[in-house]
Amino acid sequence: MAPLFHRLVDDAAVFPPGNAALPDAVTAHREHRTAWYADLVGPLLVPASSVDALTALLDPAERLGIGIIGDLPIDRLGVPDDPRVTVRQIEAAAAKRGEDPQPGIARLLALADRLPDVDVYAELPLTFGLLAGLDTVASARANGARVAVKFRTGGLAAELFPTPVELAAVICACRERDLPFKLTAGLHHAIRHADPETGFTHHGFLNVLVGAALAADGGEVADVAEVLAATDAVPLIEPARARRDHPRGLWVGFGSCSMIEPLTDLIRLGLINGGYEG
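None of the values given here were measured: they were computed from a predicted structure. (Residues numbered from 1 in each chain as written. Predicted model: local features only at pLDDT ≥ 70, side-chain atom pairs only at ≥ 80, totals over all residues. Heavy atoms only, no water.)

Asker: Please provide a residue-by-residue account of helix α1 (residues 22-34), values included.
Answerer: Given a rise of 1.5 Å per residue, 13 residues ought to cover 18 Å, and the 19 Å separating the end C-alpha atoms of α1 matches this to within 8%. Every buried residue of α1 is accounted for by Leu 22, Ala 25, Val 26, His 29 and His 32. One face of α1 carries all of its buried residues, which in axial projection span an arc of 120 degrees. Exposed side chains of α1 directed beyond 90 degrees from the buried face belong to Asp 24, Glu 31 and Thr 34. The elements touched by buried residues of α1 are β1 (9-11), β2 (41-47), α2 (51-55), β3 (64-69) and α9 (260-268). (Helix = DSSP H or I, 4+ residues; strand = E, 2+ residues; numbered from the N terminus. Expected span 1.5 Å × (residues − 1). Buried < 20%, exposed > 50% of the residue type's maximum accessible area, 1.4 Å probe, protein only. Arc of directions from axis to C-beta. Contact = heavy atoms within 4.5 Å.)

Asker: Describe the pattern of salt bridges, naming the residues involved and giving the relevant values.
Answerer: Taken as a whole and assessed by the stated rule, the structure comprises 12 salt bridges. Between Arg 241 and Glu 238 there is a salt bridge whose closest N-O contact spans 2.8 Å. You can see Arg 241 and its partner Glu 238 sitting in helix α8 (residues 234-242), 3 residues apart, about one turn around the helix. By relative accessible area, Arg 241 is classed as partly exposed at 37%. Look at Glu 238 and you get partly exposed, because its relative accessible area is 47%. Salt bridges here are not isolated pairs; linked through shared partners, they connect Asp 10, Glu 91, Glu 123, Lys 150, Arg 152 and Lys 182. (Salt bridge = Lys/Arg side-chain N within 4 Å of Asp/Glu carboxyl O.)

Asker: Explain unusual backbone geometry to me, and be specific about the residues and the numbers.
Answerer: In this structure, the amide linkage connecting Pro 16 to the following residue, Pro 17, adopts the cis form with an omega of 0 degrees. As for its position among the elements, Pro 17 is in the loop between β1 and α1. The residue Arg 7 is not glycine, and still its phi comes out positive at about 50 degrees. In this structure, Arg 7 sits in the segment before β1. Residue Asn 19 is not a glycine yet carries a positive backbone phi of 55 degrees.

Asker: Pulling in residues and values, what's your account of the pairing of β3?
Answerer: For β3, a buried count of 6 out of 6 residues is recorded, marking the element as mostly surrounded by other parts of the structure. What you see with β3 is no split at all: Leu 64, Ile 66 and Ile 68 on one side and Gly 65, Gly 67 and Ile 69 on the other are buried throughout. Bridge analysis of β3 against strand β4 (residues 85-93) gives 6 bridges, and the strand direction is parallel. Bridge pairing links Ile 66 to Val 87 in β4. (Pairing = 2+ DSSP bridges.)

Asker: How would you sum up the packing of aromatic side chains? Please name residues and give values.
Answerer: On inspection of all chains with the given rule, the structure shows 5 aromatic pairs. Measuring from ring centre to ring centre gives 5.6 Å for Trp 36 and Tyr 37, while their planes differ by 90 degrees; the resulting arrangement is edge-to-face. By relative accessible area, Tyr 37 is classed as buried at 10%. Ring geometry for Phe 151 and Phe 181: centres 6.3 Å apart, planes at 45 degrees, overall tilted. With Phe 151 in strand β6 (residues 147-152) and Phe 181 in strand β7 (residues 181-184), this pair connects stretches of sequence that are 30 residues apart. A relative accessible area of 1% places Phe 181 in the buried class. One aromatic cluster is present, built from ring pairs that chain together Phe 205, Trp 251 and Phe 254. Looking at Lys 182, its charged tip hangs above the ring of Tyr 121, at a distance of 5.3 Å from the centre. (Phe/Tyr/Trp six-rings, centres within 6.5 Å; stacked < 30°, edge-to-face > 60°. Lys NZ or Arg CZ within 6 Å of the ring centre and 35° of its normal.)

Asker: Provide a residue-level description of the packing of helix α3 (residues 102-114) against helix α4 (residues 130-142), including the pertinent values.
Answerer: Remark: α3 packs on α4, axes separated minimally by 10 Å, with the N-to-C direction vectors making an angle of 15 degrees. Classified by the interaxial angle, the pair formed by α3 and α4 is roughly parallel. Where α3 crosses over α4, the two elements pack in a sense that is right-handed. Contact residues: α3 offers Gln 102, Ile 105 and Leu 109, while α4 offers Ala 132, Gly 133, Thr 136, Val 137 and Ala 140. (Axes fitted to C-alpha atoms, helices over the stretch in contact; angles between N-to-C directions. Parallel < 35°, antiparallel > 145°, perpendicular 65-115°, else oblique. Left-handed = near helix turned anticlockwise from the far one by under 90°.)

So far we have only geometry, and geometry alone does not tell us how the molecule works.
Quick look at the structure:
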């Protein structure tokens, strides 16, 4: 798998809209991890409240990398005492929309201090206090903390889908602070499109891939927004191909309840070769 796509997609099968049962998600993740496209696959994402149930499903000699999603209070988050499980990341919301994120960020930074071998992601709403929150996380990261940020790019309401300009602005703000970021929700497909059932316009992960690369190269917000707004794959494919042998840089990746949909789009666009990617 080309470095550009390495661990691009975290396996969020148990989360909406997929809502897979945990045993089914574990079985499918085992298959993903042994498939030809295994390098595309990030850790299995599991709610913090389901970690004990997960460990009960594992074979005695199994080793599984997971990401924990904080559906419990931050001060109750941690890692299981089980050698079969490696927690690669913990992600939790620092605040709800409209709330000051700083108290939540402080608790997440304390979590990062307590778990120095785990990447901690503070999910920040794209509303009040965003830039100050980015500054706080960036400062902690510059001082050695394994922390970064996460943003939501979709959901069950129209206001949860940031506009191309809003998303471009936050990508560039992360660039200015040398701050890696993750995205979640609504990114199953490569190209920006309107969902025929909901009418919501979803961001495309290829748009983000090319837009984040442009931002990392010094692109302005307007230029990045233009890439994010594109609904035609043609102008996105060649910039992606040109960067296939380079890591993504600032954009860590995204969670998807489907692994097959992103994989299929990459194959159809000719960016990876189904079954034959080295």
